Amino acid sequence: GLPRFTAPDATFSVAYPAPGSAYTVSTTESGVTATFTGGGGGVMQLFAEPAAGRPARDVVRAIVGRTFPAAKVAYEIPNAMVGYQPGYGEVADVWPQSTTASASRVRILIMAAVKNDVALVAFATGPFRAFGPDFGPGPPSGANLEIAQDMGKYVNSFQWGGDPVR
């Protein structure tokens, strides 16, 4: 029941949040950006880029390096999958300075998989929030990123062009 984005060149498609949900959604030729308007906020991007012969880990590291060069990897995501294709994922943190000289921790979650030399990427950022009894759905979360609670259904909806319909 979710809307589906298909790249103009049909190299991939992905489901994204429906109108009227807690997201403001925009699309470009390379994918979808969904800004979470509830809770602490955050941004989720679902997109593709040429792998150019790189494995998923190199794609992830390049994207983090160009968007948040000061980010520090918190941990790698074991057995990361995108569109049911084995890939690579990591969680990182960055402390950007505000104009008031204060820093607040931003959590980054990124996963990618490569097939047919096309990297499909799920990239989310938002405020770090420690999940536990006082915040979140109850159990602790290693992601500590509110938008990550909703991200899985979109990550698993990725399909490369030519994949059988699921």
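For the structure, check the block above.
Every chain is numbered independently, its residues counted from 1 as its sequence is written. Whole-chain, interface and lining totals are the exception, using all residues; otherwise, since this is a predicted model, local features are given only for residues with pLDDT of at least 70 and side-chain atom pairs are given and counted only at 80 or more. Side-chain calculation: all heavy atoms of the structure are included, whereas hydrogens and water are not.

Considerations on the sheet that holds strand E10 (residues 106-115)
In step 1: Spatially, 7 strands are ordered E3-E4-E5-E11-E10-E9-E6 in an open sheet, and the strand pairing comes out antiparallel. At either margin of the open sheet sits one strand with a lone partner, and together these are strand E3 (23-28) and strand E6 (72-77). On average, each strand axis in the sheet is inclined to that of its neighbour by 15°, with strand direction left out of account.
In step 2: Two strands form a pair only when DSSP identifies at least two bridges running between them. In this text, helices come from DSSP runs of H or I with a minimum length of four residues, and strands from runs of E with a minimum of two, each type numbered from the N-terminal end. The pairing of strand E9 (residues 88-94) with E10 spans 7 bridges and is classified as antiparallel. Across the sheet, the residue bridging to glycine 89 is methionine 111, located in E10. Axis definition: a line fitted to C-alpha atoms, limited for helices to the stretch in contact. Angles are taken between N-to-C directions and run from 0 to 180 degrees.

Re the side chain of glutamate 49
In step 1: Looking at the element boundaries, glutamate 49 is found in strand E5 (residues 42-50).
In step 2: In contact with glutamate 49, not counting residues within four places along its chain, are Arg54, Val59, Ile63, Arg66, Val118 and Ala119. Between two residues, a contact is recorded if the distance between any of their heavy atoms is within 4.5 Å.

Quick word on the nonpolar core
In step 1: Residues enter a nonpolar core if they are buried and are Ala, Val, Leu, Ile, Met, Phe, Trp, Tyr or Cys, with the set joined through side-chain atoms within 4.5 Å. Categorising residues by exposure relies on relative accessible area from a 1.4 Å probe, with only protein chains included: less than 20% of the type maximum marks a residue as buried, more than 50% marks it as exposed, and the intermediate range marks it as partly exposed. Residues Phe12, Met44, Leu109, Leu120 and Phe158 are the most contacted members of the largest nonpolar core, which totals 32 residues.
In step 2: For this core, the elements supplying multiple residues, two or more each, are strand E2 (12-15), strand E4 (31-36), E5, E10, strand E11 (118-127) and helix H2 (148-155).
In step 3: Excluding residues that lie within four positions of it along the chain, phenylalanine 12 makes contacts with Phe5, Thr6, Ala7, Ser30, Gly31, Phe47, Ala48, Leu120, Phe158, Gln159, Trp160 and Gly161.
In step 4: Ala56, Val59, Val106 and Val121 belong to the second-largest nonpolar core, a separate cluster that totals 18 residues.

Concerning the pairing of E3
In step 1: Sheet topology note: the E3/E4 ladder contains 6 bridges and is antiparallel. In the sheet register, threonine 24 faces E4, and the bridge partner there is threonine 35.
In step 2: As consecutive antiparallel partners, E3 and E4 are separated by 2 residues.

Some details on unusual backbone geometry
Across residues other than glycine, the phi torsion is negative in most instances, and most of the peptide bonds are trans.
In step 1: With a phi angle near 50°, alanine 52 is a residue other than glycine that sits in the positive phi range.
In step 2: One can find alanine 52 in the loop between E5 and helix H1 (56-67).
In step 3: Although it is not a glycine, aspartate 117 sits at a positive phi angle of roughly 60°.
In step 4: Here aspartate 117 lies in the loop between E10 and E11.

Overview of the sheet that holds strand E12 (residues 159-160)
In step 1: Ordered by their spatial adjacency, 3 strands build an open sheet running E1-E2-E12, and the pairing between neighbours is antiparallel. If you trace the sheet from one side to the other, it starts and ends with strand E1 (4-6) and E12, each paired once.
In step 2: Pairing of E1 with E2, which is carried by 3 bridges, proceeds in the antiparallel orientation. Paired with arginine 4 across the two strands is alanine 15, which belongs to E2.

Description of the pattern of salt bridges
Close approach of charged atoms allows side chains with opposite charge to pair.
In step 1: By convention in these notes, a salt bridge is any Lys or Arg side-chain nitrogen within 4 Å of a carboxyl oxygen on Asp or Glu. Summed over all chains, the structure comprises 9 salt bridges.
In step 2: When the shortest N-O distance is used, the salt bridge between glutamate 90 and arginine 61 registers 2.7 Å. Pair noted here: glutamate 90 is in strand E9 and arginine 61 is in helix H1, with a separation of 29 residues, a long-range link.
In step 3: We classify arginine 61 as partly exposed; its relative accessible area is 31%.
In step 4: Residue aspartate 150 is joined to lysine 153 by a salt bridge in which the shortest nitrogen-to-oxygen separation is 2.5 Å. One end of the pair is aspartate 150 and the other is lysine 153, both in helix H2 and 3 residues apart, which spans about a single turn.
In step 5: When salt bridges that share partners are traced, they join Arg57, Arg61, Glu76 and Glu90 into one network.

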